[in-house]
Amino acid sequence: MKKSRGRTGRKRRRKHLQSFMDGVNCSHKLEYIKLKKWLKDRGFEDSNLRPAQFWGTGRGLMTTKALPPLFAENTGTIFNYSALEWAWCTINTRTIYMKHSQRECFSLEPDVYALAPYLDLLNHRPTVQVKAAFNEQTRSYEIWTNSQCKKYEEVFICYGPHDNQRLLLEYGFVAIDNPHSSVYVSSDTLLRYFPPLDKQRNAKLSILKDHGFLENLTFGWDGPSWRLLTALKLLSLGAHEFTCWRRTLLGDVISARNEQQTFNITAKICHFLIEETQHVLLQISQLKRSKENLKKHLALVEALRLEDLKILQKSAEILCNLNMTTA
């Protein structure tokens, strides 16, 4: 019989070649029958995939029907940096704390986040006292408030005892007259007022670092924090007082000289930060006039800095009154 070389023959050969390249069904083979039975006994059954032999890769799984893509658009246009920002902000600003049972398919990190679309309309007020938790008995998330609220007034909750820097970074707003606000003092600012020739300076810094006294040094509405004063007291120790550094960390008074030097340096740091903040506010004011598109963002930073200035001025007043009392 003469071999077909016409159009029909070519179509038949292309179809045969394509079927071979697509995959040859192997699900009838004994080893695959046993495998599917073993999977079925363990709760897995899928009629959309079958074992097959492929020309390019050998053994594999082929689909028995066309599978559409998960996303109609190109994933490169969906999962971009803007989408990441949106997802991060959604999780970071909209989730509540809620414990979940650990799932094998997820990370080993504790799963303590949940979205509550209606609850997240409640705004923050730092002075409001609330208690919030998921009630296992009623299977609902409940919020109790100790603050009175009149009819038709806005209901507030407290997101936590956050200062304004944290609120701005995490939630994008600043709370006016926030009692939790503070002004942070960097280690560089701290060391401006101590001579670099001090032979014990490196040892003092090492002690402060080892005991966590180079972070969270602040001025607040009630003046310099205990941590800031303790760090300054240790840095102010004289050569003959250095062996008392453990007592300093415990809050003991070492000497009148040490107390006075600590007070003087604290006041100097406070006034330095006031001048620095005033300079930054001047720069922000100039930028607001020249950068119209950034006006809203600059207004937030300005509000944060204005509160910093109020805190520092209050701290300076407290330090001045203390100096008059001890004089």
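Residues numbered from 1 in each chain as written. Predicted model: local features only at pLDDT ≥ 70, side-chain atom pairs only at ≥ 80, totals over all residues. Heavy atoms only, no water.

Participant: For the nonpolar core, give the residues involved together with the corresponding values.
Facilitator: Counting 36 residues, the largest nonpolar core has Val185, Leu190, Phe219, Ile269 and Leu273 as its most contacted members. Looking at this core, the elements that each hand over two or more residues are α6 (187-191), α7 (201-210), α8 (226-235), α9 (245-249), α10 (256-290) and α11 (295-326). No other element matches α10, which puts nine residues into this core. Formed by five residues, the second largest nonpolar core is a distinct cluster that contains Ile96, Met98, Ala114 and Leu119. (Core = buried A, V, L, I, M, F, W, Y, C linked by side-chain atoms within 4.5 Å. Buried < 20%, exposed > 50% of the residue type's maximum accessible area, 1.4 Å probe, protein only. Helix = DSSP H or I, 4+ residues; strand = E, 2+ residues; numbered from the N terminus.)

Participant: Before we move on, can you summarise the sheet that holds strand β10 (residues 183-184) with the specific residues and values?
Facilitator: If you trace the three strands from one edge of the open sheet to the other, you get β10-β11-β12, paired in antiparallel fashion. Edge strands, defined here as strands with exactly one partner in the open sheet, are β10 and β12 (223-224). As paired strands, strand β11 (residues 218-220) and β12 are joined by two bridges and run antiparallel to one another. Note on β12: the bridge partner recorded for Phe219 is Pro224. (Pairing = 2+ DSSP bridges.)

Participant: Describe the pairing of strand β8 (residues 140-145), naming the residues involved and giving the relevant values.
Facilitator: Pairing between strand β7 (residues 130-135) and β8: six bridges, direction antiparallel. The residue of β8 that forms the bridge with Lys131 is Trp144. Where β7 hands over to β8, the hairpin turn is made up of four residues, of which Arg139 adopts a positive phi near 55°.

Participant: How would you sum up the state of the cysteines? Please name residues and give values.
Facilitator: Defined simply, a disulfide is a covalent bond joining two cysteines at their sulfur atoms. One pass over the structure, following the stated rule, counts zero disulfides. No disulfide involves Cys158; its nearest neighbouring cysteine sulfur is the one of Cys149, lying 15 Å away. Here Cys320 stays free of any disulfide, with the sulfur of Cys270 as its closest cysteine sulfur at 11 Å. Accessibility expressed as a relative area gives 43% for Cys320, which makes it partly exposed. (Disulfide = S-S within 2.5 Å.)

Read these as spatial facts, not as claims about activity.
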